[in-house]
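Chain and residue survey
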Amino acid sequence: MVDLDKTGFCMVNGLLRRRIGKCSVGAKFFLIRFVQIYGTGMEVALSVKVLAQEVGVTDRVASDAIQQLVALGLLSQESTGGKPGRPSSSYMCVMETLAVKLKLGEGVGQKSMHSDSINQLLHGVRHRESERLHYANRLLLAVLLVHADEFGAVRELGLRDLSDLTGLKKAVLHQRLVKLQDQCFIRVTVPGVTGRALFKLTKSLYILNLGHPMLQVQFGPYPLVLRNARNTYPARSIFVAARISKNGPLNLGHGSYVLGGLFEAQNSARLVPMLQSTIDGYASFLLSKHFDALAQNISEFNELLERIRLDFEHLGEKIVGSSSDQNNPGNLTLLLHAEAVTWAKQIMTAIKETPHLCGGTFKYMLLPPSQRFSAEAGCWALLVIPAETSLLR
């Protein structure tokens, strides 16, 4: 095995970020592992059986993968002359084809902030104790990791995207994602929505567990999870108020809002999780960027008002206001702003009561409510990362 240099990291990350022709999941995993183990310039003279063992797949998967990759021009196969005691073929990645396919000049192959976790995850396929995580699930998890932010949140990847990037069929992707969540690699999933009344087309949100033993590397930072009792989430309160008001104004503790049936009850099953995730995002932004202002009881944040307006501008100026008249935000903008500020202040109260979060600057991300454990129905969870990594060491 060679140490991955910058080019090797770029190649692995690029392969995880790009669809590579009509590659099966086995062929894509084989190619990524080949690059990870041998780099891009080494000629490898090994039998298919030994290669399969090194890569971490069966002989059949390795043989099929080699055939596909050679046909796609991604792997070269040369005869070694058939000398006794030597493998019949040698293999090498075709650097020129890979560079074109991955469009490395466009920054697609840049090193991910989770490259070390990805490296560890993929190498772990050869360890006996890792048999419980199939190589296809390992590839799927690596694709999610390369797209994750510092909290492990993955946005803008729908099932079609994941299918293209992994070679897995959409019919089995959902089962594999559920399996990863059952094994605690994924903390929580917020299902996407397909152009309903409130939201435009929005893809699912996946939040990975960066503290999982198979992903965690020695040098953090890693999220700290806090929990606290909470009877009603903001999104649920909005839909309850809408059910009571019917087509009239929404009456909540901080005001009355005319929204013309935007929160009709029949849409609530799919919209509540996405709306809660949206409000959580706004509250997390306030806690991370404006913690001191919240502590001083400031209740209006122009930056957040504009962010909400842009997120929902597809609903029209009557609902969200106009960029040319920022002094008169629309009712939906005012409602979500008020809910986010109130929610952030409630979370902040618990943060202040947590001794090891006193002193220092932190970044926060609220987790969506868990759908897996009914015991957590009355709890919220918060991921906390020090702004300075040294605070975690």
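Below or above, wherever it landed, is the structure these notes cover. Just so it is clear, the structure is predicted and the values come from calculations on it, not from any experiment.

Before going further, it helps to spend a moment on the overall build of the protein. Within the protein, the secondary structure is distributed over 15 helices and ten strands. Scored against the burial criterion, the 393 residues of the protein give a buried share of 48%. Considering only contacts within the protein whose residues lie at least 6 apart along the sequence, 70% involve residues at least 24 apart. Total accessible area computed for the protein in this model is approximately 19000 Å², and 50% of it derives from carbon and sulfur atoms.

As a further point, take the packing of aromatic side chains. For the coordinates displayed, the defined rule picks out eight aromatic pairs. Ring centres of Y233 and W343 lie 5.7 Å apart, and the angle between their planes is 65°; on these two criteria the pair is classed as edge-to-face. Within this pair, whereas Y233 is found in the loop between β6 (224–229) and α10 (234–245), its partner W343 is found in helix α15 (residues 331–352), the two being separated by 110 residues in sequence. The class for Y233 is buried, based on a relative accessible area of 2%. Between the aromatic rings of F291 and Y364, the centroid separation amounts to 6.0 Å while the plane-to-plane angle is 20°, which identifies the pairing as stacked. Residue F291 is found in helix α12 (residues 291–295), and its partner Y364 is found in strand β9 (residues 362–367); the two are separated by 73 residues along the sequence.

Counted residue by residue, β9 has five buried out of six residues, so it is predominantly covered. Bridge analysis of β9 against strand β10 (residues 379–386) gives six bridges, and the strand direction is antiparallel. Looking at the pairing, K363 lines up with I385 of β10.

Given 3.6 residues per turn, any residue in an α-helix points the same way as the ones three and four places further on. Among all positions in helix α6 (residues 115–123), only S115, S117, I118, L121 and L122 are buried. What you see down the axis of α6 is that its buried residues fit within an arc of 160°, all on one side.

Turning next to the sheet that holds strand β3 (residues 153–154). Reading across from one edge, β3-β5-β4 is the order of the three strands in this open sheet, with antiparallel pairing throughout. Because the sheet does not close on itself, it has two edges, and the strands there are β3 and β4 (186–190). Pairing of β3 with strand β5 (residues 205–208), which is carried by two bridges, proceeds in the antiparallel orientation. The residue bridging V154 from the neighbouring strand is Y206, located in β5.

So, on to the packing of α6 against helix α7 (residues 135–146). The interhelical angle for the contact between α6 and α7, taken along N-to-C directions, is 175°, at an axis separation of 10 Å. Accordingly, the angle class assigned to the pair α6 and α7 is roughly antiparallel. In this structure, α6 contributes S117, I118, L121 and L122 to the contact, and α7 contributes R138, L141, A142, L145 and V146. For the contact of α6 with α7, the class distribution of residues is seven nonpolar, one polar and one charged.

Moving on: the packing of helix α2 (residues 25–38) against α7. Where α2 contacts α7, the two axes come as close as 10 Å, and the packing angle between them is 70°. Regarding the angle of α2 to α7, the classification is roughly perpendicular. Between α2 and α7 the crossing geometry is left-handed. Across the interface between the two elements, V25, G26, K28, F29 and I32 of α2 pack against Y135, A136, R138 and L139 of α7. Of the residues contributing to the contact of α2 with α7, the split by class is six nonpolar, one polar and two charged.

Moving on, we get to the pairing of strand β2 (residues 89–93). Among the five residues of β2, four are classified as buried, and the element is accordingly described as predominantly covered. In terms of strand pairing, strand β1 (residues 75–79) meets β2 through five bridges, oriented antiparallel. Each bridged residue has a counterpart across the sheet, and for E78 the counterpart in β2 is S90.

Core analysis: the biggest nonpolar cluster contains 64 residues, and F263, L275 and L332 have the highest contact counts within it. The element best represented in this core is α15, accounting for twelve residues. Not counting the four nearest positions on each side in its chain, L275 is found in contact with L198, F199, A235, I238, F239, F263 and L336. In this structure, L15, A136, L145 and L177 belong to the second largest nonpolar core, which totals 63 residues.

This structure, assessed with the given rule, holds eight salt bridges. Taking the shortest distance from any N to any O, the salt bridge between R60 and D64 comes out at 3.2 Å. Pair noted here: R60 and D64 are both in helix α4 (residues 59–71), with a separation of four residues, about one helical turn. By relative accessible area, which is 62% here, R60 ends up exposed. Given the relative accessible area of 31%, D64 is considered partly exposed. One salt bridge in this structure joins E306 and R309, with 2.9 Å as the shortest N-O distance. In this pair, E306 and R309 both sit in helix α13 (residues 302–311), three residues apart, roughly one turn of the helix. Among the charged side chains, a network of salt bridges with common partners joins E306, R309 and E313.

What counts, and at which threshold
Here the residue index of a chain counts from 1 through its sequence in written order. Note on the predicted model: pLDDT of at least 70 is required for a residue's local features to be given, and 80 or more for side-chain atom pairs to be given and counted; whole-chain, interface and lining totals, by contrast, use all residues. Based on all heavy atoms of the structure, the side-chain values leave hydrogens and waters out of the count. The way it works is that DSSP assigns letters per residue, a run of H or I at least four long becomes a helix, a run of E at least two long becomes a strand, and they are numbered from the N terminus. Summary of the burial criterion: residues with accessible area below 20% of their type's maximum are buried, those above 50% are exposed, and those between are partly exposed, where the area comes from a 1.4 Å probe applied to protein chains only. Any two residues having at least one pair of non-hydrogen atoms within 4.5 Å are treated as being in contact. Per-residue and other accessible areas follow the Shrake-Rupley method at a 1.4 Å probe size, with only the shown protein chains counted as cover for residues. Centres within 6.5 Å make a pair out of two Phe, Tyr or Trp rings, where for Trp the six-membered ring is used; the pair is then stacked when the planes are under 30 degrees apart, edge-to-face when over 60, and tilted otherwise. Only strands that DSSP links by at least two bridges are regarded as paired with each other. Read the arc as the range of directions from the helix axis to the C-beta atoms. Axis definition: a line fit to C-alpha positions, over the contact stretch in the case of helices; interaxial angles, taken between N-to-C directions, run 0 to 180 degrees. Small angles under 35 degrees read as roughly parallel and large ones over 145 as roughly antiparallel, with 65 to 115 read as roughly perpendicular and the rest as oblique. Only Asp, Glu, Lys and Arg are considered charged, only Ala, Val, Leu, Ile, Met, Phe, Trp, Tyr, Cys and Pro nonpolar, and every remaining residue, Gly among them, polar. Crossing chirality is assigned from the near helix's rotation relative to the far helix, an anticlockwise turn below a right angle marking it left-handed and a clockwise turn marking it right-handed. Among the buried residues, those of types Ala, Val, Leu, Ile, Met, Phe, Trp, Tyr and Cys that are joined through side-chain atoms within 4.5 Å form a nonpolar core. Salt bridges are identified by distance alone: a Lys or Arg side-chain nitrogen within 4 Å of an Asp or Glu carboxyl oxygen.

So yeah, pure geometry; function would need other evidence.
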